[in-house]
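A closer look at the structure
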Amino acid sequence: MMRYEIKYALDPMGLIEFSQWIASAAYFRRAYSRRGVHSVYFDTAEMGSARDNLSGIGVRNKFRVRWYSDVNGKEVFASAKPKFEIKSKQGRLGTKYDRVLETIDGSRIHTEDGNQLTNELRKELAANPWRDLPVSIDVLNANLLVEYERDYYVGPGDVRVTIDHNVTYGDVMSNTHSRLIGQNAYSKAIVEFKFSPNYKD
C-alpha cells in the first residue's frame with residue numbers, strides 16, 4: 001500500500017523541542033522502545049539509485065539490507081533477522097517490499113566488507129528468486145552503511161512518526177563495517193511522518 005513519507009531535518013534544539021512535544025501529545029504513543037537501525041544500501045556502478053533520489057525522479061527505488069540491535073548497536077536482535085528491502089517512491093508516496101534473509105547472520109555483518117555482503121546477497125536471491133526486484137541483483141553492489149538510533153511513535157489513523165538521531169555513515173566498499181561505526185557523523189536528526197493518502201489533510 002502506498003503511503004506518504006515526509007522527512008524533516010532538525011538541529012539539536014529543534015530535536016529537543018520536537019521530542020518534548022510528541023512525548024506530551026495525548027494522541028501519540030510510543031510504539032516501541034528505542035533501538036539501533038543498521039542499513040547497507042546497494043546501488044549500480046553508475047549510482048543510478050542515488051542519482052534518481054537526489055534529482056527527485058518521479059518513480060525511483062532504493063535497495064538495502066536492514067537489521068536491528070539494542071541502542072548501543074552491540075547486540076543484534078535475534079528475533080529480527082536481516083531483511084532485503086526495496087523502497088519504491090512515486091513522488092512523495094512510497095511503499096516497501098521486503099523479505100527475510102535466511103543465510104545472512106545479522107551478528108556477523110559488521111565483520112564483513114561490501115564485497116562479502118554483496119556476494120552473500122546475490123547467492124541467496126539467486127537461490128530464491130524475487131520477482132519484484134526491478135533490476136538484476138548482478139548489477140547491485142553494497143556501497144553505503146547508515147546507522148542510527150530510532151524512536152517510534154504511532155498516532156491517530158495509524159499515523160507513524162520516527163525520530164532518527166546519532167546518525168553515522170560510511171563507505172562499505174573500501175573498508176570493513178567494523179571500522180566505520182562513528183567515522184562520519186551527521187549532525188542533525190531526521191523526523192519522518194508516514195501516513196496513508198486518506199489522512200493527508
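Residues numbered from 1 in each chain as written. Predicted model: local features only at pLDDT ≥ 70, side-chain atom pairs only at ≥ 80, totals over all residues. Heavy atoms only, no water.

Right, let's get into the overall build of the protein chain. Each helix and strand in the protein chain was counted, giving three helices and nine strands. Each helix and strand of the protein chain, placed in order from N terminus to C terminus, yields the pattern β-α-β-α-β-β-β-α-β-β-β-β. In the protein chain, of all internal contacts separated by at least 6 residues, the share reaching a separation of at least 24 is 66%. Counting only carbon and sulfur atoms, one obtains 51% of the accessible surface of the protein chain, whose full area is about 11100 Å². (Helix = DSSP H or I, 4+ residues; strand = E, 2+ residues; numbered from the N terminus. Contact = heavy atoms within 4.5 Å. Areas by Shrake-Rupley, 256 points an atom, 1.4 Å probe, with all protein chains shown as cover.)

What follows covers the pattern of salt bridges. Enumeration over the complete set of coordinates arrives at 12 salt bridges. When the shortest N-O distance is used, the salt bridge between Glu 5 and Arg 3 registers 3.1 Å. Judged by relative accessible area, which is 5%, Glu 5 ranks as buried. Relative accessible area serves as the criterion here: at 23%, Arg 3 is assigned to the partly exposed category. A salt bridge links Lys 81 to Glu 102; the nearest nitrogen and oxygen atoms lie 2.9 Å apart. (Salt bridge = Lys/Arg side-chain N within 4 Å of Asp/Glu carboxyl O. Buried < 20%, exposed > 50% of the residue type's maximum accessible area, 1.4 Å probe, protein only.)

Here the focus is the packing of aromatic side chains. What describes a pair of aromatic rings is the distance from one ring centre to the other and the angle between the planes of the rings. Applying the stated criterion to the full structure yields nine aromatic pairs. Consider the rings of Tyr 8 and Phe 193, whose centres lie 6.2 Å apart with planes at 85°: the pair is edge-to-face. Separated by 185 residues along the polypeptide, Tyr 8 in strand 1 (residues 3-10) and Phe 193 in strand 9 (residues 189-195) bring together distant segments of the chain. Taking the relative accessible area as the measure of exposure, Tyr 8 reaches 46% and is therefore partly exposed. (Phe/Tyr/Trp six-rings, centres within 6.5 Å; stacked < 30°, edge-to-face > 60°.)

Averaged over all residues, the pLDDT of the protein chain equals 85, while 89% of them reach at least 70. Highest mean pLDDT in the protein chain belongs to strand 9 (96); lowest belongs to helix 2 (residues 48-55) (81). (pLDDT = per-residue confidence, 0-100.)

So, on to the environment of Glu 46. Turning to its location among the elements, Glu 46 is positioned in the loop between strand 2 (29-43) and helix 2. Each C-alpha atom, one on Glu 46 and one on Leu 140, is 10.0 Å from the other, the two residues being 94 residues apart in sequence.

With that settled, consider the pairing of strand 3 (residues 59-69). The two faces of a sheet get side chains in turn, since along a regular strand they alternate between them. Of all 11 residues in strand 3, eight are buried; the element is thus mostly enclosed. Summarising the sheet, strand 3 and strand 4 (residues 83-90) pair through eight bridges and their orientation is antiparallel. When the sheet's bridge partners are listed, Arg 66 is paired in strand 4 with Lys 83. (Pairing = 2+ DSSP bridges.)

In this structure, Val 40, Phe 42, Phe 63, Val 65, Phe 84 and Leu 121 are the most contacted members of the largest nonpolar core, which totals 20 residues. Those elements giving two or more residues to this core turn out to be strand 2, strand 3, strand 4, helix 3 (114-127) and strand 6 (141-154). When sequence neighbours within four positions are dropped, the list of residues in contact with Leu 121 reads Phe 42, Val 65, Phe 84, Leu 101, Ile 104 and Ile 137. Residues Ile 6, Leu 15, Ile 22 and Ala 25 belong to the second largest nonpolar core, which totals 15 residues. (Core = buried A, V, L, I, M, F, W, Y, C linked by side-chain atoms within 4.5 Å.)

This part covers unusual backbone geometry. With a phi close to 65°, Asp 158 is a non-glycine residue in the positive phi region. One can find Asp 158 in the loop between strand 6 and strand 7 (160-171). Here the phi dihedral of Asn 166 falls at roughly 55°; this positive angle occurs in a residue that is not glycine. When its relative accessible area of 52% is taken as the criterion, Asn 166 is described as exposed.

With that settled, the discussion passes to a nonpolar patch on the surface. A contiguous nonpolar patch, built from Leu 144, Tyr 169 and Tyr 186 and spanning about 250 Å² of accessible area, is present on the exposed surface. Along the chain, Tyr 186 falls in strand 8 (residues 184-186). (Patch = residues over 30% accessible without salt bridge, like charges linked within 9 Å, V, L, I, M, F, W, Y side chains within 5 Å.)

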